[in-house]
Amino acid sequence: QVQLVESGGGLVQAGGSLRLSCVASGSIRSIKAMGWYRQAPGKQRDLVAAITSGGSINYPDSVKGRFTISRDNAKNTVYLQMNSLKPEDTAVYYCNAKVWLVNYWGQGTQVTVSS
């Protein structure tokens, strides 16, 4: 099993920055990919950024150039650096880990961007 603990969410003004952290524990060696998803009320959970065990990275156009995913293997931690935040970025952000066909999720952290 994999456990994920997130931190770093909060309230910022438009144009500001936040860095989210996700610490993984448990069967870390079994993780094939990790990423960040976000979900606003009434909407589906959408991919924000993902990184595979081999280092491949994927972003949707909505965040490309503003968000950066990175990892520190020594700390078992994945980060999401968010710059130039917009009100439409407001959502609950979830850390995700994929183990074969199973998805594990963190508890979620609220990001609110005010105008």
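Everything below is about the structure printed above this text.
Summary of the structure given here.

## As for the side chain of arginine 66
Line of reasoning, step 1. Mapped onto the fold, arginine 66 is located in the loop between strand 6 (57-58) and strand 7 (67-72).
Line of reasoning, step 2. Judged by its relative accessible area of 11%, arginine 66 falls in the buried class.
Line of reasoning, step 3. For arginine 66, the side chain forms a polar contact with the main-chain oxygen of serine 62, separated by 2.9 Å.
Line of reasoning, step 4. Within the local environment of arginine 66, its side chain forms a polar contact with the backbone oxygen of serine 84, the two atoms lying 3.0 Å apart.
Line of reasoning, step 5. Apart from residues lying up to four places away in sequence, arginine 66 is in contact with Gln81, Met82, Asn83, Ser84, Leu85, Lys86 and Asp89.

## Here's the deal with the state of the cysteines
Line of reasoning, step 1. Tallied over the full model, the rule gives one disulfide.
Line of reasoning, step 2. Each sulfur in the disulfide pair cysteine 22 and cysteine 95 lies 2.1 Å from the other. A torsion of -85° about the S-S bond marks the disulfide between cysteine 22 and cysteine 95 as left-handed. Placement of cysteine 22 in strand 3 (residues 18-26) and of cysteine 95 in strand 9 (residues 91-99) is noted, with a sequence separation of 73 residues between them. An identical accessibility class is assigned to cysteine 22 and cysteine 95; each is buried.

Quick notes on the rules
- Residues numbered from 1 in each chain as written.
- Predicted model: local features only at pLDDT ≥ 70, side-chain atom pairs only at ≥ 80, totals over all residues.
- Heavy atoms only, no water.
- Helix = DSSP H or I, 4+ residues; strand = E, 2+ residues; numbered from the N terminus.
- Buried < 20%, exposed > 50% of the residue type's maximum accessible area, 1.4 Å probe, protein only.
- Polar contact = N/O pair within 3.5 Å; in protein donor to acceptor, adjacent residues only side chain to side chain.
- Contact = heavy atoms within 4.5 Å.
- Disulfide = S-S within 2.5 Å.

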